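Read off the chains here:
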Amino acid sequence: MTEQHVGTAPGTPDINALLRARYGAAAPALTEPALRDSATLAGLLRHHTVRSFTDAPVSDEAITAMVAAAQSAASSSNLQLWSVVEVRDAATRRALVDEVDTSTFVADAPVILLFVADWARASAIAAAEGESDTAADYLESTLVAFVDAALAAQNAVVAAESLGLGTCYLGSVRNNPERAAELIGLPARAMVAFGLAVGYPDPADTAGIKPRLAPGAVHSRERYSPITDADIAAYDSEIAAYHASQGRPTGWSRAVIRRVKDAAGLNGRDRMRAWLTGRGLPSN
């Protein structure tokens, strides 16, 4: 599969072309007019990761709009257990590469948004009233904060793409979460969950709509359906063709195996529980 950019004309999304770009031969066909005419659905289906940006500045108002979109996401019990730190300073972006071991393009991205799983704010509210914050010590609390941050960030990504911006999630900030926390002055009970690079896409970048597993491999009805050998083989073929179009012909299943077979696949993040505890989130 080499189809990259489809359905881009304003007001005329080609939903089924986007579905074919995403799923290849496994693409479903949508016939309901409300679905075929949905600009929002088209924007979501058109999503692709951007790692190469122009020098065009990202305005403060664009980031303000993205944060407002992020805050409009669902939040567990309205606790709002996340924060975001905007990083534009060149030295800090360089330190994220050299000292936190994030992706090298981070130093050149116009804006890095660091999304924080944040119990510090709730703990401070409790402390101000002379109350305990013991519940923040538990695994459920850690999970809720990370989920809140992820939901918020995805809203921000959708907003960014609607404004013509490109984004790339940065799980690599968890390669050294203690240093990442130091760089942005995080208090205890707060940890950077992931980053988000934001900027205007470089027109020379050839990255496009990356194939995903066939819908039937992830969508079950009533009861869970395990993935089949045919699902894996079909997707390996699709993703290898896409990667070949990007100059790196690799499949999918072997990457999964490398990731799950032992702790080495975690690239040093097998220390995460200790890091979480160090940040005041022991996840009991």
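Per an unreviewed UniProt entry, the chain carries the name Nitroreductase family protein and comes from Microbacterium schleiferi. What the UniProt record of the chain gives under Sequence similarities (unreviewed entry) is the line "Belongs to the flavin oxidoreductase frp family."

Visitor: Would you mind showing me how to read the pattern of salt bridges here?
Guide: Side chains that differ in sign of charge can pair as their charged atoms come close. One pass over the full model with this rule turns up nine salt bridges. With its nearest N and O atoms 3.1 Å apart, the salt bridge here joins aspartate 98 to arginine 94. Placement of both aspartate 98 and arginine 94 in helix H5 (residues 90-98) is noted, with a separation of four residues, approximately one turn of the helix. Between glutamate 99 and arginine 179 there is a salt bridge whose closest N-O contact spans 2.5 Å. Taken as a pair, glutamate 99 in the loop between H5 and strand S2 (111-118) and arginine 179 in helix H8 (residues 177-184) lie far apart in primary sequence, 80 residues in all. Bridged by salt links that share partners, the residues Asp60, Glu86 and Arg88 form one connected network.

Visitor: Please explain the packing of aromatic side chains as it appears in this structure.
Guide: One pair of aromatic rings is described through two measures. These are the centre distance and the angle between the planes. Scanning the model with the defined rule gives four aromatic pairs in all. Taking the centre distance of 5.7 Å and the plane angle of 75 degrees together, the rings of tyrosine 169 and phenylalanine 194 count as edge-to-face. With tyrosine 169 in strand S3 (residues 166-170) and phenylalanine 194 in strand S4 (residues 190-199), the pair connects residues that are 25 residues apart, well separated along the chain. A relative accessible area of 11% places phenylalanine 194 in the buried class. These aromatic residues form a ring-pair network of at least three members: Trp82, Phe115, Tyr169 and Phe194.

Visitor: Would you take a moment to explain the nonpolar core for this structure?
Guide: Core analysis: the biggest nonpolar cluster contains 24 residues, and Ile112, Leu114, Leu170, Ile184, Leu186, Val192 and Ala197 have the highest contact counts within it. Every element with two or more residues in this core is listed here: H5, S2, S3, H8 and S4. In contact with valine 192, other than residues within four places in its own chain, are Leu114, Phe115, Val116, Val173, Arg174, Ala180, Ile184 and Leu186. Judged by nonpolar contacts, the second largest core, of 22 residues, contains Leu113, Ala159, Ala160 and Leu196.

Criteria and cut-off values
Residues numbered from 1 in each chain as written. Predicted model: local features only at pLDDT ≥ 70, side-chain atom pairs only at ≥ 80, totals over all residues. Heavy atoms only, no water. UniProt positions renumbered as here; feature names shortened; annotations may be inferred. Salt bridge = Lys/Arg side-chain N within 4 Å of Asp/Glu carboxyl O. Helix = DSSP H or I, 4+ residues; strand = E, 2+ residues; numbered from the N terminus. Phe/Tyr/Trp six-rings, centres within 6.5 Å; stacked < 30°, edge-to-face > 60°. Buried < 20%, exposed > 50% of the residue type's maximum accessible area, 1.4 Å probe, protein only. Core = buried A, V, L, I, M, F, W, Y, C linked by side-chain atoms within 4.5 Å. Contact = heavy atoms within 4.5 Å.

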